[in-house]
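Next come the chains, spelled out residue by residue.
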Amino acid sequence: MSLNTKKLAKNAWRVTKDRHLTCLRIRVPGGHFPAKFFPILQEIADRFGNGSVHLTTRQGFEIPGIALEATAEVNSLIAPLIRELEVDQGVEVPAPEEGYPAAGTRNVVACIGNRVCPQAVFDTTRLAYDIEKTIYPNNPHVKIAVTGCANDCVKVHLHDIGIIGQVEPIYDPSRCIGCRACVKNCRQVSTGALRFHNFKVQRDSDRCLGCGECVLKCPTGAWGRGDQYFRVVIMGRTGKKNPRLAAPFLEWADRETVLKICRNLYDYIDRHIDRTLAKEHVGYIVDRTGYPVFRDEVLKDVVLSPRAKVAKFLNPSGYLYDHGVLCSQPYPSDG
Ligand code: SF4
Ligand code: SF4
Ligand code: SF4
């Protein structure tokens, strides 16, 4: 890669299969894109690109087919949206008219959250902005996603850090008519944390995952939404070598804890990354250092809420190339 191309990649431009062309990448933290900026995307695609805009899996845009010589002019065209979506949210971008200052840390994605979805327990886009402010600009390859409830529509379990909204359900027995709709619903769609006993509903707080279904189901408002918390899952990833689902790390964490973990993650990466590699995904760093080192470093100076729980160990899924899991046909019978 030439020096010039390296600079472009840092500037968030994509290397493409045509060495004379590049592809503009636009970050949209939290996935809400102000419609007034669409004309800018159209102008860039029509004047400088091939007339198309690609919607990325990370809720951003890519505009392909742009000549390398045009990048400075295009950077100046996207300055207004960098100002509104990054600078106005508190992100330090030294010179918005020169484009994005880093590419490694990917756009923070979020489900649509409580601006629209009745299941959501918080404003996912607001948290995505606060995370963006905490971690960007930065070069390590890190993927973070935020989802408004345990349904996980945004697939946080495929991310290095996945954040899932939790709510503490509060029960008011004086409003309960004993219909048991909440008990039945929790058993059917969630973890079966409720039971009806002595004409009242009892909640097993160890089983409750804070999905808020009971609040939505109760016809009398006997369940209400209490404090807001977050479940954090880690080390999910895609990729060639060993894709796997994220494993639970923290439950009932408060907002400050989530932001501090995101900040500490970069110090952990800086201390332990293998600099002989072109880039090392954080999940593989955790594989090398072991979970206790990761846990202690990302929780450094974190004051956990009394309600918080931390995983004793990680139990990630994944490919086991060395363990003979896959075999050629004829495969042996189960017996
Ligand atoms: S994850 Fe929950 S809050 Fe987010 S869109 Fe899906 S159902 Fe709604
Ligand atoms: S749904 Fe509401 S009213 Fe019915 S048992 Fe549950 S708390 Fe009581
Ligand atoms: S928040 Fe979800 S898991 Fe907890 S009691 Fe209510 S329905 Fe069950």
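Since the model is a prediction, treat every value here as computed from it, not as a measurement.

What follows is about the site of ligand 1. As a structural note, the neighbourhood of ligand 1 is formed by Cys111, Cys117, Gln119, Ala120, Thr147, Gly148, Cys149, Asn151, Asp152 and Cys153. Classifying every residue of the shell around ligand 1 by side-chain character gives five nonpolar, four polar and one charged.

Turning our attention to the sheet that holds strand β3 (residues 54-55). With antiparallel pairing, four strands are arranged side by side in an open sheet as β1-β2-β4-β3. The sheet is open, and its two edges are formed by β1 (14-15) and β3, each paired on a single side. Summarising the sheet, β1 and strand β2 (residues 21-26) pair through two bridges and their orientation is antiparallel. Paired with Val15 across the strands is Thr22, a residue of β2. Running at roughly 30 degrees to strand β4 (residues 61-67), helix α2 (residues 38-47) makes contact with β2 and β4 of the sheet.

At a minimum axis distance of 8 Å, the contact between helix α7 (residues 255-272) and helix α9 (residues 291-298) shows a crossing angle of 130 degrees. In terms of axis orientation, α7 runs oblique to α9. Handedness of the α7/α9 crossing: right-handed. Across the interface between the two elements, Lys260, Ile261, Asn264, Leu265, Tyr268, Arg271 and His272 from α7 touch Val293, Phe294, Glu297 and Val298 from α9. Class assignment of the residues belonging to the contact of α7 with α9 gives a composition of six nonpolar, two polar and three charged.

Okay, the domain arrangement of the chain next. Taken domain by domain, the chain comprises domain 1 (3-98) and domain 2 (109-167 + 228-310). A separation of 25 Å is found between the C-alpha centroids of domain 1 and domain 2. Across the contact, 13 residues belong to domain 1 and 17 residues belong to domain 2. On the surface where domain 1 and domain 2 come into contact, there are one salt bridge. A salt bridge links Arg27 to Glu132; the nearest nitrogen and oxygen atoms lie 2.9 Å apart. Linking domain 1 with domain 2 are seven residue pairs in polar contact (both at pLDDT 80 or more), by the criterion used here. Residue composition of the side of domain 1 that touches domain 2, grouped by class: three nonpolar, five polar and five charged.

Bringing helix α8 (residues 282-289) into the picture now. Among the residues of α8, those classed as buried are Val282, Gly283, Tyr284, Ile285 and Val286. Those residues of α8 that are buried are in contact with α7 and α9. One or two positions beyond α8, positive phi appears at Gly290, with a value near 90 degrees.

Evaluation of the coordinates by the stated rule reveals ten aromatic pairs. Judged by centre distance (6.0 Å) and plane angle (80 degrees), the ring pair of Phe38 and Phe61 falls under edge-to-face. Within this pair, whereas Phe38 is found in helix α2, its partner Phe61 is found in strand β4, the two being separated by 23 residues in sequence. Looking at Phe61, the relative accessible area reads 9%, which means it is buried. Judged by centre distance (5.5 Å) and plane angle (75 degrees), the rings of Tyr229 and Trp252 are edge-to-face. Residue Tyr229 is located in strand β10 (residues 223-234), and its partner Trp252 is located in strand β11 (residues 247-253); the two are separated by 23 residues in the primary sequence. Overall, the relative accessible area of 0% leaves Trp252 in the buried class. Chaining the aromatic ring pairs together yields one cluster made of Phe33, Phe37, Phe38 and Phe61. Against the face of Tyr284 rests Lys241, its NZ or CZ located 4.6 Å from the ring centre. Across the ring face of Trp252, the terminal group of Arg307 is positioned such that the distance to the ring centre comes to 3.9 Å.

About the criteria used
Residues numbered from 1 in each chain as written. Chains lettered and ligands numbered in written order. Predicted model: local features only at pLDDT ≥ 70, side-chain atom pairs only at ≥ 80, totals over all residues. Heavy atoms only, no water. Near = heavy atom within 4 Å. Nonpolar A, V, L, I, M, F, W, Y, C, P; charged D, E, K, R; others polar. Pairing = 2+ DSSP bridges. Helix = DSSP H or I, 4+ residues; strand = E, 2+ residues; numbered from the N terminus. Contact = heavy atoms within 4.5 Å. Axes fitted to C-alpha atoms, helices over the stretch in contact; angles between N-to-C directions. Parallel < 35°, antiparallel > 145°, perpendicular 65-115°, else oblique. Left-handed = near helix turned anticlockwise from the far one by under 90°. Domains from an automatic or database assignment. Salt bridge = Lys/Arg side-chain N within 4 Å of Asp/Glu carboxyl O. Polar contact = N/O pair within 3.5 Å; in protein donor to acceptor, adjacent residues only side chain to side chain. Buried < 20%, exposed > 50% of the residue type's maximum accessible area, 1.4 Å probe, protein only. Phe/Tyr/Trp six-rings, centres within 6.5 Å; stacked < 30°, edge-to-face > 60°. Lys NZ or Arg CZ within 6 Å of the ring centre and 35° of its normal.

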